[in-house]
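# Topology and contacts: notes
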Amino acid sequence: MKRKTVVLLVFLILAIGNVSYADIGKDEAIDIAVDALEMHFDVHREDFIHNNLDAVFVIDTENYYGAPTDQPYWKIRFGWGQAYGVAISNEGDVIALQGPGTPYYPINSTIFDNCTPGTPNEKSASRQMVKDTALEALQLQEYDVTIDTMEVDIQLVDNEWYMWGEEPVWIVTLSSADEENWYVLMSNEGLVLDIASEGKLFDCSCFLH
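None of these values were measured; they are calculated from a predicted model.

Quick notes on the rules
- Residues numbered from 1 in each chain as written.
- Predicted model: local features only at pLDDT ≥ 70, side-chain atom pairs only at ≥ 80, totals over all residues.
- Heavy atoms only, no water.
- Helix = DSSP H or I, 4+ residues; strand = E, 2+ residues; numbered from the N terminus.
- Expected span 1.5 Å × (residues − 1).
- Buried < 20%, exposed > 50% of the residue type's maximum accessible area, 1.4 Å probe, protein only.
- Contact = heavy atoms within 4.5 Å.
- Core = buried A, V, L, I, M, F, W, Y, C linked by side-chain atoms within 4.5 Å.
- pLDDT = per-residue confidence, 0-100.
- Salt bridge = Lys/Arg side-chain N within 4 Å of Asp/Glu carboxyl O.
- Pairing = 2+ DSSP bridges.
- Axes fitted to C-alpha atoms, helices over the stretch in contact; angles between N-to-C directions.
- Phe/Tyr/Trp six-rings, centres within 6.5 Å; stacked < 30°, edge-to-face > 60°.

## Regarding helix α2 (residues 26-40)
Helical periodicity: at 3.6 residues per turn, an α-helix aligns residues three or four positions apart in one direction. With 15 residues, α2 should cover 21 Å at 1.5 Å per step; its first-to-last C-alpha distance of 21 Å lies within 8% of that length. Listing the buried residues of α2 in full gives Ala29, Ile30, Ile32, Ala33, Val34, Ala36, Leu37 and His40. Buried residues belonging to α2 abut β1 (53-58), β2 (73-78), β3 (84-89) and β4 (94-98).

## Observations regarding the nonpolar core
Core analysis: the largest hydrophobic core is formed by 36 residues, its most contacted members being Leu37, Ile76, Phe78, Ile88 and Tyr162. Broken down by secondary-structure element, the contributors of at least two residues to this core are α2, β1, β2, β3, β4, β8 (169-176), β9 (179-186) and β10 (192-197). Leaving out residues up to four positions away in the same chain, isoleucine 76 has contacts with Ala29, Ile30, Ala33, Leu53, Asp54, Ala55, Tyr84, Gly85, Val86 and Ile88. Counting 17 residues, the second largest nonpolar core, distinct from the first, contains Ala137, Ile147, Met150 and Leu174.

## Some details on the confidence of the model for the protein
Looking at the protein as a whole, its pLDDT mean stands at 86, while 87% of the residues score no less than 70. Per-residue pLDDT, averaged within each element of the protein, yields its smallest value for helix α1 (residues 2-15) (35) and its largest for strand β6 (residues 116-117) (98).

## Looking at the pattern of salt bridges
Within this structure, the stated rule accounts for two salt bridges. In this structure, the salt-bridge partner of aspartate 31 is arginine 45, at a minimum N-O distance of 3.9 Å. Here arginine 45 lies in the loop between α2 and β1 and aspartate 31 lies in helix α2, a separation of 14 residues in the sequence. A salt bridge links arginine 45 to aspartate 35; the nearest nitrogen and oxygen atoms lie 2.3 Å apart. Within this pair, whereas arginine 45 is found in the loop between α2 and β1, its partner aspartate 35 is found in helix α2, the two being separated by 10 residues in sequence. Classification of arginine 45 by relative accessible area gives partly exposed; the value is 34%. Relative accessible area serves as the criterion here: at 39%, aspartate 35 is assigned to the partly exposed category.

## Topic: the sheet that holds β3
Strand order in this open sheet of five strands is β1-β2-β3-β4-β5, and the pairing throughout is antiparallel. Bordering the open sheet on either side are β1 and β5 (105-106), each of which pairs with just one other strand. Summarising the sheet, β3 and β4 pair through four bridges and their orientation is antiparallel. Each bridged residue has a counterpart across the sheet, and for valine 86 the counterpart in β4 is leucine 97. Each of β1, β2, β3 and β4 touches α2; the most contacted strand, β2, lies at about 60° to it.

## Things to note about the environment of glutamate 179
Within the secondary structure, glutamate 179 is located in strand β9. Placed 29 residues apart in sequence, glutamate 179 and methionine 150 show a C-alpha to C-alpha distance of 8.7 Å.

## Looking at the packing of aromatic side chains
Here a ring pair, both rings aromatic, is described through the centre-centre distance and the interplanar angle of the planes. Under the definition given, this model contains 12 aromatic pairs. Ring centres of phenylalanine 48 and tyrosine 84 lie 5.4 Å apart, and the angle between their planes is 85°; this geometry places the pair in the edge-to-face category. With phenylalanine 48 in the loop between α2 and β1 and tyrosine 84 in strand β3, this pair connects stretches of sequence that are 36 residues apart. The pair formed by phenylalanine 48 and tyrosine 84 is uniform in burial state, with each residue classed as buried. Ring pairing ties together the aromatic residues Phe41, Phe48, Phe78, Tyr84, Tyr105, Trp161, Tyr162 and Phe202, which thus form one cluster.

What follows is the structure, given as structure tokens:
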């Protein structure tokens, strides 16, 4: 029994980072996380006030989103289960962030990063259906946009971020000289997954169950 206790204590010491004088504290890490989420997703600080918060300072040798494997970092999550998350270095630099329905995006990612041309298949929606559905989705959200004057660009792409890379997805760009761009992410079959404004990332890139 004593041997098991010693092994468990050693495991916990390795798994949990020790905060030193040079490391940012929990409150500062949370503020940085909220700022990052507000900057990169279509969300607002108020969205996280009443959310469940999980903030841990860890060393994680098996992470897959670019956090250091040999030094502690902050891992912040807002919400239950499928949640918003941010990985922050011990010095306060944002490493990666995720939406409730996405993998972790490396910091400074854009919507089209990692995209390669997709190949249509028998399940692919027609381009006309994709266009009509994207325009309708934007109108239903009642954004302050002038649909009739917008140019529409439609791309079928493969990307491991979207639908976990298991099928191609449609990204529809709606642009206008007088308004910011909008982006609609759709499944191969033409179902809307998410809408993002200019400079933001999709925070849902798959079907949530």
